[in-house]
Structure formats: structure tokens, C-alpha cells
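# Architecture at a glance
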Amino acid sequence: MSQSYNRGLIEDFGRWREFSAGMWAWVFHKFTGWVLVGYLFTHIAVLSTALQSPDAYTTTIQSLESLLVVRILEVGLLSVAVFHILNGLRLLFVDLGIGLEAQDKSFYASLLLTGAIAVASVPTFLAGVFG
Amino acid sequence: MAERYSSFEVGGRRWLWQRITAAFLVVVLAFHFFLLHFVNHADEVTFAMSQARMETLTYFSLMILFLLTATFHGVNGVYNALINQGLTGTRKTAVKLVLVVASAVVIVQGVRTALAWAGGVPL
């Protein structure tokens, strides 16, 4: 028989020491989601320079890409996107009833794979910025 | 009976659309990142290169669909996150209005930019 219980406010981040793998996955998914939606608006704003003139667009993109900080932020953006994609797949599978019993393992796998892809992408993202 | 914890309304379809757009975005976001950072490099981007891609109807339509689904998925996600945090009543209505307007602005701006690259709809 199901019963009602007071679990407290699940969104109470002050309880972070009590969080299990699933809760950390929820927190990371939310955090990466906020970053990605923020980036979407910034991205469209930057791309909109194409409305001024072809030169304005090319100059804006190439000026941004010449900055080391932008290249580092791009590695961060890739990491955030990869984690959101991998954890999103994990959530889609769980919604379909697949893998719920291994949801903690699939979260750790998402983290490891994100880390590996982020490290492997560093040479590509930093190419040419020092030269 | 166990209490129901959800940001979504009973019988609503936003839950389903969040999943449908997620399945689409998993593939298209990965493709977008791979194409524009690993096949082509971001520091080599020029207006002419973006224009060449956008002049293809398949690519143009994919990017418009990408814009629409990403905006819905992102803004709907923000709305649900705020409801999770306890947003209700008039503030909830006001936030919904702001998010709808912000979505419209980003979509209109994105479509205008795509049309500027493609020089109109590439039919």
C-alpha cells in the first residue's frame, strides 16, 4: 500500500551532503540546462551580427575566436552539452522503463564519458589560439 | 495515497513534448557541435561559409527546426525548474509571459539571421 510521507523540499540544496547519485544527476542536469539555455540566447545574439553586414559577422566571430578565454569557455560549453546529452539519454531510457535499476551506474558513466570527451577535445579547441 | 510531485499538469502534453524535442536535440546538437568545431573550425568561420551551408534547403530547414525545438526545450525546462522551486500564482503567470516573449524574440531573431545568410528561403 502506498503511503504519504513528508520528504521535505526536494529542491533544498542545503541538504547536498545527503544527495545520492540520482539527486546529483538531477542537480547537474538542471545546472547544465540553465547554462545551455543562457548560451542559446547569447549565441543567437552573436550570430545576429550577420544582419548588420557580412564583414561585421566575420570580424565578430574571428575576434571572439582569437581570445584564449573564449576557447576555454568553448571546452566548458562542450562539457556541459555532452553531459546534458548523455544524462538526457539516461533519462529518456529510464522514462521508457529501461535501466532504472542501474541509474546510478549510468550517471557515473555519463560523468566519465563527459570528462574523457572534454579532455580529448582540448587540442581541437585550442588549435591556433597561441600562434 | 502517495503525493504527486511533478512540475507538469495532469493530462498535459508539455511533458511529452519535452521528451520528443529531447530525442531530436540529442542528435542535432551533437551534429551541430561536431560540424562546426571538429569538421569546420570556429576560428575559420566567415559569412560566406555560413551562407554556403544555409543556401541548402535541407540544412536551412534543419537549423530552423533546431532553433524551434531548442527554444521550446530550454524555455520549458526553465519554466519547470522555476515551478520546482515553488513558483505559483501571479508570479507564475508573469514568468510564463516573460518566457513566451523571450522565446518569440529569440526565434524571430534566429529566423531573420538564417534568412540573411540564405538570402531568403532557399527553395
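From a predicted model like this one, the values you see are computed outputs, not experimental measurements. (Residues numbered from 1 in each chain as written. Chains lettered and ligands numbered in written order. Predicted model: local features only at pLDDT ≥ 70, side-chain atom pairs only at ≥ 80, totals over all residues.)

## Considering the overall build of chain B
From N to C terminus, chain B includes four helices and zero strands. When the elements of chain B are put in sequence order from the N terminus, they spell out α-α-α-α. In terms of overall size, chain B is more extended than a compact globule, its C-alpha atoms giving a radius of gyration of 18 Å where 123 residues would be expected to give roughly 14 Å. Principal-axis analysis of the C-alpha atoms places the extent of chain B at approximately 60 × 30 × 25 Å. Taken across its 123 residues, chain B has 16% of its residues classed as buried. Here the analysis covers contacts within chain B between residues at least 6 apart in sequence; of these, 80% occur between residues at least 24 apart. (Helix = DSSP H or I, 4+ residues; strand = E, 2+ residues; numbered from the N terminus. Rg over C-alpha atoms; globule rule 2.2 N^0.38 Å. Buried ≥ 20, exposed ≤ 12 C-beta atoms within 10 Å, placed from the backbone. Contact = placed C-beta atoms within 7 Å.)

## Here's the deal with the environment of A:T114
Residues and elements named next belong to chain A. Assignment of secondary structure puts T114 in helix α4 (residues 103–126). The sequence separation of T114 and A56 amounts to 58 residues, and the corresponding C-alpha distance is 34 Å. Excluding residues that lie within four positions of it along the chain, T114 makes contacts with S79, V82, F83 and L86.

## Quick notes on α4(A)
Residues and elements named next belong to chain A. Across its 24 residues, α4 extends 34 Å between first and last C-alpha, which sits within 8% of the 34 Å expected from 1.5 Å per residue. Taken together, the buried positions of α4 are occupied by S106, F107, S110, T114 and F125. Elements that come into contact with the buried residues of α4 comprise α1 (21–47) and α3 (68–95). Immediately downstream of α4, the backbone of G128 shows phi near 85°, a positive value. (Expected span 1.5 Å × (residues − 1).)

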